[in-house]
Amino acid sequence: MRVRGRLTWGRRARAGAVVTALLAGVLPPAVVLVPGAATAGAAAGTPVCQVRDDRLREISGMVATDDGYVVINDGADDEARRRIFFLDQRCAVVRTVSFPSRPRDTEDLAIGRDGTVWVADIGDNDRSRPTVGVWRLAPGAKQPVLHRMTYPDRPHDAEALLLDASGRPLIVTKGGSGTVFVYAPATALRPDATTPLTALGQVTVPSTTTSNPFSFLGRGVITGAASAPDGRRVVLRSYADAFEYDVPDGDVVRALTTGTPRITPLPDEPQGESITYSRDGRSLLTVSESAGQPAGTRSTILRYPATATTVTAAPSTESVDPVSPTAVRPAAGEAGAGGGRTWPLALGAGTLLVLLGFAGVLWWRHTARR
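Residues numbered from 1 in each chain as written. Predicted model: local features only at pLDDT ≥ 70, side-chain atom pairs only at ≥ 80, totals over all residues. Heavy atoms only, no water.

## Examining the overall build of the protein
The condition is simple: Under the scheme used here, helices are H or I runs from DSSP no shorter than 4 residues and strands are E runs no shorter than 2 residues, and both carry numbers assigned from the N terminus. Categorising residues by exposure relies on relative accessible area from a 1.4 Å probe, with only protein chains included: less than 20% of the type maximum marks a residue as buried, more than 50% marks it as exposed, and the intermediate range marks it as partly exposed. Contacts were defined at the residue level, with two residues in contact if any of their heavy atoms lie within 4.5 Å. Methods summary: accessible areas were calculated by the Shrake-Rupley approach with a probe of 1.4 Å, and residue burial reflects only the protein chains presented.
Per the secondary structure count, the protein includes five helices and 20 strands. Looking at the 370 residues of the protein, the share that counts as buried comes to 49%. For the protein, contacts bridging at least 24 residues in sequence account for 58% of all contacts bridging at least 6. Taken as a whole, the protein presents about 16900 Å² of accessible surface, with 55% of it coming from carbon and sulfur.

Structure follows, in structure tokens:
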């Protein structure tokens, strides 16, 4: 998702986001008073190459290949940007693949062990889509095939896609408070049918202080994901950090829902929504959108060292059995109305009342002096 206009009215937008978070009960009021600080020792990534094609200003997903990279834009209004772009190792576009119909909001990419490229058409800023989809581009195919899916509970905004050991797509929701949910197709995908999704669990990412354009709000959302080439690690990213999880037995869902991630700060990336592993698995590669940035800004692929791992077991080839959707406990920022959000709603409402009261006093004092 591209945050439009944030250079011209960024302060007002962020203030509005803070108030929205308070009203929604996403954050306790005390958090609002804590400024974002750079993580100690955090270093910027090393530039790999610069994307100079003007069609690629809203890059929202990326995977590395033996020959270079595959990238997609966020849901673009311009037809020329609604494509799957193949880049060489210098970030030059070498070919594109069109969609047979217009995608809604393409947000991430994943690549299977057979070279199949999966495009996650799962963005839903307004949380109003009746279905989401994944486009499957098989090796040598001229066009991708769309598979529609529907959530079992309510619409979710999502920007991250992973594949499990069996090649099944996993959707990780965007969240807002550091807690996100994992969904997967309940049955085999079919291009001529809408497949129900099933909830597999929830993930709570660690809190950090990494500097980013969206302060604390940017640390609590998930904007991309990737699997290591050997399948033994997966990574989720926010606007601020990368969270790497070991997958010793091939069970990606268990790794995400029960594992403790290692953190790689990604400080001050302009609009970081993409992440992938290098083909040798030694590095994390990221890229930001350049739309809305100063004139002449180009998206640049950055390299960060992947964190050390102690994984020794080979990944399993068996599929992961889904758990009951009731195992997913709603959390702040993703849940509907319910007891779990009573305390943040009360705190948020209380803080709002205090702020409104304070504003009223200031206004009264101003008018009294007139």
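Now that the structure has been shown, we can carry on.
## Quick look at the environment of threonine 194
Turning to its location among the elements, threonine 194 is positioned in strand β13 (residues 194-204). Here threonine 194 is in contact with Thr131, Arg148, Met149 and Thr150, once residues within four sequence places are set aside.

## Here we look at the side chain of glutamate 244
To keep it simple, the criterion reads: Any pair of N or O atoms that falls within 3.5 Å is considered a polar contact. Within protein, one atom must be able to donate a hydrogen and the other to accept it, and sequence-neighbouring residues count only if both atoms are side-chain atoms.
Inspection of the secondary structure assignment puts glutamate 244 in strand β16 (residues 241-246). Here the side chain of glutamate 244 touches arginine 233 through a polar contact of 3.5 Å, side chain to side chain. Residue contacts for glutamate 244: discarding those within four places in its chain leaves Arg233, Val234, Val235, Thr260, Pro261, Arg262, Tyr277, Leu284, Ala306 and Thr307.

## Description of the state of the cysteines
To keep things clear, this is the line we draw: By convention in this document, the label disulfide applies to cysteine sulfur atom pairs within 2.5 Å.
By the definition in use, this model includes one disulfide. Through a disulfide, cysteine 49 is tied to cysteine 91; the S-S separation comes to 1.9 Å. Negative torsions about the S-S bond denote left-handed disulfides, and the value of about 50 degrees found for cysteine 49 with cysteine 91 makes this one right-handed. Here cysteine 49 is found in strand β1 (residues 46-51), whereas its partner cysteine 91 is found in the loop between β4 (83-88) and β5 (93-98), with 42 residues between them in sequence. Judged by its relative accessible area of 2%, cysteine 91 falls in the buried class.

## As for the environment of glycine 140
Along the chain, glycine 140 falls in the loop between β8 (132-137) and β9 (145-150). The exposure class assigned to glycine 140 is exposed, which follows from its relative accessible area of 80%. Taking the C-alpha atoms as reference points, glycine 140 and glycine 115, separated by 25 residues in sequence, lie 9.6 Å from one another.

## Quick word on the sheet that holds strand β14 (residues 224-227)
Applied cut-off: When DSSP locates at least two bridges between a pair of strands, those strands are taken to pair. To get an axis, fit a line to the C-alpha atoms, keeping to the stretch in contact for a helix; angles then go from 0 to 180 degrees between the N-to-C directions.
Ordered by their spatial adjacency, four strands build an open sheet running β14-β15-β16-β17, and the pairing between neighbours is antiparallel. Of all the strands in the sheet, just β14 and β17 (262-265) have a single pairing partner and so form its edges. On average, each strand axis in the sheet is tilted by 20 degrees relative to the strand beside it, whichever way the strands run.

## Considerations on the confidence of the model for the protein
Convention followed: pLDDT gives the predictor's per-residue confidence on a scale running from 0 to 100.
With 72% of its residues at a pLDDT of at least 70, the protein reaches an overall mean of 80. The low-confidence segment residues 310-355, where pLDDT is below 50, has 75 contacts with residues more than four positions distant or belonging to other chains. Low pLDDT, under 50, characterises residues 358-370; the stretch is placed with zero contacts to residues that sit more than four places away or in other chains.

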